[in-house]
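# Reading the structure
Residue-level listing of the chains:
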Amino acid sequence: LCKEQLILVNKIIKMAYSLLRIRKVSPFGISRVLQADKASLWRFHLEPECARFLRFGVFTRNYGKILGSSNYDFTGSGPTSSFDFTDLTCPHTWYPIARRKKRKVILHVGPTNSGKTYNALKQLERSSSGVYCGPLRLLAWEVAKRLNKANVPCDLITGQEKDLVEGANHKSVTVEMADVTSVYDCAIIDEIQASLAFYFGRRRNSTINCFMVGCKQRGFSFTRALLGIAANELHLCGDPAVVPLVEDILKVTGDDVEVLTYERLSPLVPLKVPVRSVSDIKTGDCLVTFSRKDIYRHKNTIEKAGKHLCSVVYGSLPPETRTAQATRFNDATNDFDVLVASDAIGMGLNLNISRIIFSTLEKFDGTETRDLTVSEIKQIAGIAGRFRSQFPVGEVTCLHKEDLPLLHSSLKSPSPIIERAGLFPTYDLLSRYSQAHPKLGLYKILEHFVENAKLSSNYFISNVEDMMKAAALVDELPLKLQDKYLFVVSPVDINDEISGRGFAQFAQNYSKTRVVKLREILSDDTVKVPRTPTELKELESIHKVLDLYVWLSLRLEDSFPDREVAASQKSICNVLIEQFLEANRLISPIPFSSKKLRSRRKF
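Residues numbered from 1 in each chain as written. Predicted model: local features only at pLDDT ≥ 70, side-chain atom pairs only at ≥ 80, totals over all residues. Heavy atoms only, no water.

To continue, consider the sheet that holds strand 2 (residues 130-134). In space, the eight strands of this open sheet follow the order 4-3-5-2-6-9-1-10, with mixed pairing throughout. Across the chains shown, the open sheet's two edge strands, defined by having one partner strand only, are strand 4 (161-163) and strand 10 (256-261). Shown here is a sheet whose adjacent strand axes are inclined to one another by a mean of 15°, direction ignored. Here strand 3 (residues 154-158) pairs with strand 5 (residues 170-174) via four bridges, running parallel. Bridge pairing links Leu156 to Ser172 in strand 5. Here helix 5 (residues 137-149) sits on the sheet in contact with strand 2, strand 3, strand 4 and strand 5, set at roughly 170° to strand 3. (Pairing = 2+ DSSP bridges. Helix = DSSP H or I, 4+ residues; strand = E, 2+ residues; numbered from the N terminus. Axes fitted to C-alpha atoms, helices over the stretch in contact; angles between N-to-C directions. Contact = heavy atoms within 4.5 Å.)

Shown next as structure tokens:
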């Protein structure tokens, strides 16, 4: 550009920025989405500052056309580009409010039961304003309860609830609900190590550790919080394996980074002998297995011996039921003194466990049966012997002798270094991409965006397989892109038959009338007492459908008006599930000595 053109561009930039500063536009172009409350439940909203930046990109592209350049492209496929919407190489620039602060980032790293989160929360309590971001509703509940009990008024905001406390300057939220448009004195992102998973490739020896929560699509929420929360102090709690990646990511943000290392507060002793029979089970034991069917079989085996009653915890149980089961197990005054659980106990629950017993060190991860990772073994084993509990020394062992070498070697090994953090494009980026490809549905937009996205070496595109399944369903309906996106990012278990049907029915009814009455989807006799494990599983799925309705009602209040009915039905589900768990004797017990055909491990 010549000097005159550069001067003109500079003037246009200033004028455009001035105009956009005073013009608040909803990320969806509809004013009703922008709410006065910055803790809006629209978890996928585009931050206003970022929206201005993107619209400025469109503005400069159009100006380029005025100057006669014909090679402007924003689809990610052309030879040159003035604004490439598939370029995700600098995600830290998406959060200008955080970039205007020089944050002090403090990493609290150490094993389970080392006091790292406790110390971070103490700082949050002392701060003038703050936010706690956890991976689970259970953790958000616990922290909100703790702060309010300490006379620090604290709001609770999750995808399914919004409990506001008068005068609160603190918030406890699930990580997706982190508000990156507000400024805080102190912020915490907890359990970062829980975001460890496997990056796309599933081969046992070629997987890449990365930022990704147990739910495969949530890794980008942690990355968004890490880069976007504007706080004077940002505390990160997790495994030492996150340190190199976090330090590398934050090199470009200008933040000061400090690492605090913690040691375990109570001993954890790996035993040299397995638990050979049900007679070896004792009060405070937790038997860990990885299938719902085996959880109930082991429960009945232990209870049939007549010495113990068992609480159970697994992932598909409603959070309220998991909390109730954990509370019952922790209560020394009742007879439920043994816990049978999946790896869902790995976080979010305070449990008085004396000994962890692995029934197996293999799990089916949705694609294949694989060995547990070092991180998974250490996370689960570390729950035993919680500091200042009734069991000051934790123990860990297995049911089968051949599993002991892997257990012992894993506990001695450091967790593999995490190499990449998850990213996902904002709605506004997908919308602009859609404008370049107006004939494509959301499924194809996601597919094309994922295939064409440009990334730096620190990032990967989060696995959107389930999102794309949901997108394929909503693409068949006459919905706008923003409505499709809302349904696709909703917490639906699309692989669960009942949940998937409920999701499809909600979307279909919404597309027809814009009002979805719960009674049109679920009849009055849908929620009933389960009599068999199959009926229990169906009731758990119905709870997920009700949870989805509540989530949608908090975002489309006029269109999903039966939130109170859904919440009431959820409570009934919790009671009925609890009753079944207390009375269940319907599954034949499995002998402790029985073994499935197992492949020999090499060490």
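Next comes the rest of the description.
The six strands are arranged 11-18-15-12-14-13 in an open sheet whose pairing can be described as parallel. Two strands close off the open sheet at either side, each with one partner strand: strand 11 (268-270) and strand 13 (309-313). On average, adjacent strands in this sheet sit at an angle of 25° to one another, irrespective of strand direction. Pairing geometry for strand 13 and strand 14 (residues 336-341), over five bridges, is parallel. By the bridge assignment for strand 14, Ser311 is matched with Leu339. Running over the sheet, helix 8 (residues 292-304) touches strand 12 (285-288), strand 13 and strand 14 and is turned about 165° from strand 13.

Before going further, it helps to spend a moment on the nonpolar core. Ile189, Ile229, Leu236, Phe487, Phe506 and Phe560 are the most contacted members of the largest nonpolar core, which totals 111 residues. In terms of residue count, helix 17 (residues 533-553) provides more of this core than any other element does, ten residues in total. Discounting residues that sit within four places of it in the chain, Phe560 has contacts with Phe487, Phe506, Tyr510, Val516, Tyr549, Leu552 and Ser553. In terms of nonpolar packing, the next biggest core, distinct from the first, is built from 44 residues, Val152, Cys237, Ala341 and Leu372 among them. (Core = buried A, V, L, I, M, F, W, Y, C linked by side-chain atoms within 4.5 Å. Buried < 20%, exposed > 50% of the residue type's maximum accessible area, 1.4 Å probe, protein only.)

A word on helix 15 (residues 481-488). Extensive coverage of helix 15 is indicated by the burial of eight of its eight residues. All of the buried residues along helix 15 are Leu481, Gln482, Asp483, Lys484, Tyr485, Leu486, Phe487 and Val488. Along its buried surface, helix 15 packs onto helix 12 (427-436), helix 13 (442-452), helix 14 (465-474), helix 16 (497-513) and helix 17.

Considering the arrangement of structural elements, one finds Tyr132 in strand 2. Placed 22 residues apart in sequence, Tyr132 and Cys154 show a C-alpha to C-alpha distance of 9.8 Å. When near neighbours in sequence (up to four residues on either side) are disregarded, Tyr132 contacts Leu121, Leu124, Leu139, Ala140, Val143, Lys171, Ser172, Val173, Ile188 and Asp190.

A few words now on the pairing of strand 3. Within strand 3, five of the five residues are buried, which leaves the element mostly enclosed by the surrounding structure. As paired elements, strand 3 and strand 4 share three bridges and run antiparallel to each other. When the bridges of strand 4 are listed, Leu156 appears paired with Asp163. Linkage of strand 3 to strand 4, two consecutive antiparallel strands, is achieved through a turn of two residues.

On inspection of all chains with the given rule, the structure shows twelve aromatic pairs. Seen from their ring centres, Trp94 and Tyr95 are 6.4 Å apart, and the 55° between their planes marks the pair as tilted. Here Trp94 and Tyr95 have matching classes, each one buried. One aromatic cluster is present, formed by Phe487, Phe503, Phe506, Tyr510, Tyr549 and Phe560 through successive ring pairs. The ring of Phe336 has Arg328 sitting right over it, with the charged end atom 3.7 Å from the ring centre. Taking the ring centre of Tyr510 as reference, the NZ or CZ of Arg514 above it sits at 4.6 Å. (Phe/Tyr/Trp six-rings, centres within 6.5 Å; stacked < 30°, edge-to-face > 60°. Lys NZ or Arg CZ within 6 Å of the ring centre and 35° of its normal.)

Take unusual backbone geometry next. Positive phi is not limited to glycine here, since Asn151 has a value of about 65°. Examined against the element boundaries, Asn151 turns out to sit in the loop between helix 5 and strand 3.

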